Amino acid sequence: SGAAECWGYGEWGQTTPPPSSFTGLSAGAEHTCGITTEGLAVCWGDDTFGQTAAPEGTFASISAGEYHTCGLTTEGSIACWGKDNHDQSQAPTEGTFLSVHAGWSHTCAVRNTGQILCWGSDFHGQIANPSGLFETMSAGADHNCGVTSTATMECWGKDDNGATTPPT
């Protein structure tokens, strides 16, 4: 049906989705966002830093970070909103992208060329853009991992408990 179901810690309302039909969801620290079947970005929960104040427009996907959120528009551009203390919400203004991934206080995106572009906090090397071409990736708290065009995994950033050491 596309109805969102959320559970867990919900003090800020992040587990109480609005009555709508969604094509995708992403949970941040104390907020959750989704893309409606109409392509609208809708967010709920804590809005202390404006992380639930989604802009107008149509979106293909959304990614919630700690206290910021970024969405990939249907035109392939990126819009970010919310906390910006490390420039994690300063989305690139040029180029087209395949996906966007919000981490704790950084954000990465896969360009339509397959290259990775990251911005925001670099306390642990998490925005050191890797070379090569990528099919997909995912941003963690302080690290990222991606699958290259040659089907290998590459990770970068903070290596807590082997987080950036892919299995062989």
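Residues numbered from 1 in each chain as written. Predicted model: local features only at pLDDT ≥ 70, side-chain atom pairs only at ≥ 80, totals over all residues. Heavy atoms only, no water.

> Is there a simple way to explain the sheet that holds strand S12 (residues 153-157) in this structure?
Paired through backbone hydrogen bonds, the strands of a sheet run either parallel or antiparallel to each other. Across the sheet, three strands lie side by side as S10-S11-S12; this open sheet has antiparallel pairing. Each edge of the sheet is formed by a strand with only one pairing partner; in this case those strands are strand S10 (134-139) and S12. Shown here is a sheet whose adjacent strand axes are inclined to one another by a mean of 20 degrees, direction ignored. The pairing of S10 with strand S11 (residues 143-148) spans five bridges and is antiparallel. The residue of S11 that forms the bridge with serine 138 is cysteine 145. (Pairing = 2+ DSSP bridges. Helix = DSSP H or I, 4+ residues; strand = E, 2+ residues; numbered from the N terminus. Axes fitted to C-alpha atoms, helices over the stretch in contact; angles between N-to-C directions.)

> What is the right way to look at the state of the cysteines in this model?
Here, disulfide denotes a covalent bond that connects the sulfur atoms of two cysteines. Tallied over the entire structure, the rule returns four disulfides. A sulfur-sulfur distance of 2.1 Å marks the disulfide that ties cysteine 33 to cysteine 43. Handedness of the cysteine 33-cysteine 43 disulfide follows from its S-S torsion of about 110 degrees: it is right-handed. Here the residue cysteine 33 occupies a position in strand S2 (residues 31-36), and cysteine 43 occupies one in strand S3 (residues 41-45), the gap between them amounting to ten residues. As far as burial versus exposure is concerned, cysteine 33 and cysteine 43 are alike and both buried. With its sulfur 2.1 Å from that of its partner, cysteine 70 forms a disulfide with cysteine 80. Across the disulfide from cysteine 70 to cysteine 80, rotation about the S-S bond amounts to roughly 110 degrees, and the bridge is consequently right-handed. With cysteine 70 in strand S5 (residues 68-73) and cysteine 80 in strand S6 (residues 78-82), the pair connects residues that are ten residues apart, well separated along the chain. For the pair shown, cysteine 70 and cysteine 80 are each scored as buried. Described in terms of the sequence order of its bonded cysteines, the disulfide pattern of the protein is 1-2, 3-4, 5-6, 7-8. (Disulfide = S-S within 2.5 Å. Buried < 20%, exposed > 50% of the residue type's maximum accessible area, 1.4 Å probe, protein only.)

> Can you walk me through the nonpolar core in this structure?
A general feature of soluble globular proteins is that nonpolar side chains tend to end up buried together. Residues Cys70, Leu72, Ile78, Cys80, Ala91, Phe97, Val100, Ala109, Leu117 and Trp119 constitute the largest nonpolar core, which totals ten residues. In this structure, alanine 91 is in contact with Ile78, Cys80 and Trp119, ignoring residues within four places of it in sequence. (Core = buried A, V, L, I, M, F, W, Y, C linked by side-chain atoms within 4.5 Å. Contact = heavy atoms within 4.5 Å.)

> Could you clarify how one ought to interpret the pairing of S5 in this entry?
Sheet faces and side chains relate simply in a regular strand, where the side chains alternate between the two faces. For S5, a buried count of six out of six residues is recorded, marking the element as mostly surrounded by other parts of the structure. Across the two faces of S5 the burial is the same, with His68, Cys70 and Leu72 and Thr69, Gly71 and Thr73 all buried. Bridging between strand S4 (residues 59-64) and S5 involves five bridges; their strand directions are antiparallel. Counterpart to serine 63 in the pairing with S5 is cysteine 70. Connecting the antiparallel pair S4 and S5 is a turn made up of three residues. Judged from the five bridges that link them, S5 and S6 form a sheet pairing that is antiparallel. Its bridge partner lying in S6, histidine 68 is registered against glycine 82.

> Teacher, can you tell me more about the packing of aromatic side chains here?
Aromatic ring pairs are described here by two measures, namely the spacing of the ring centres and the angle between the planes. All chains considered together, the criterion is met by four aromatic pairs. Between phenylalanine 49 and tyrosine 67 the ring centres are 5.4 Å apart and the planes differ by 55 degrees, which places this aromatic pair in the tilted class. Of this pair, phenylalanine 49 sits in the loop between S3 and S4 while tyrosine 67 sits in the loop between S4 and S5; the two residues are 18 residues apart in sequence, bridging distant segments of the chain. Aromatic side chains phenylalanine 134 and tryptophan 156 sit 6.0 Å apart centroid to centroid with 65 degrees between the ring planes, which places their arrangement in the edge-to-face category. Within this pair, whereas phenylalanine 134 is found in strand S10, its partner tryptophan 156 is found in strand S12, the two being separated by 22 residues in sequence. (Phe/Tyr/Trp six-rings, centres within 6.5 Å; stacked < 30°, edge-to-face > 60°.)

> What exactly am I supposed to notice about the environment of threonine 96 here?
Along the chain, threonine 96 falls in the loop between S6 and strand S7 (97-102). In this structure the C-alpha to C-alpha distance between threonine 96 and valine 110, which are 14 residues apart in sequence, comes to 8.9 Å. In contact with threonine 96, not counting residues within four places along its chain, are Glu75, Gly76, Arg111 and Asn112.

So yeah, pure geometry; function would need other evidence.
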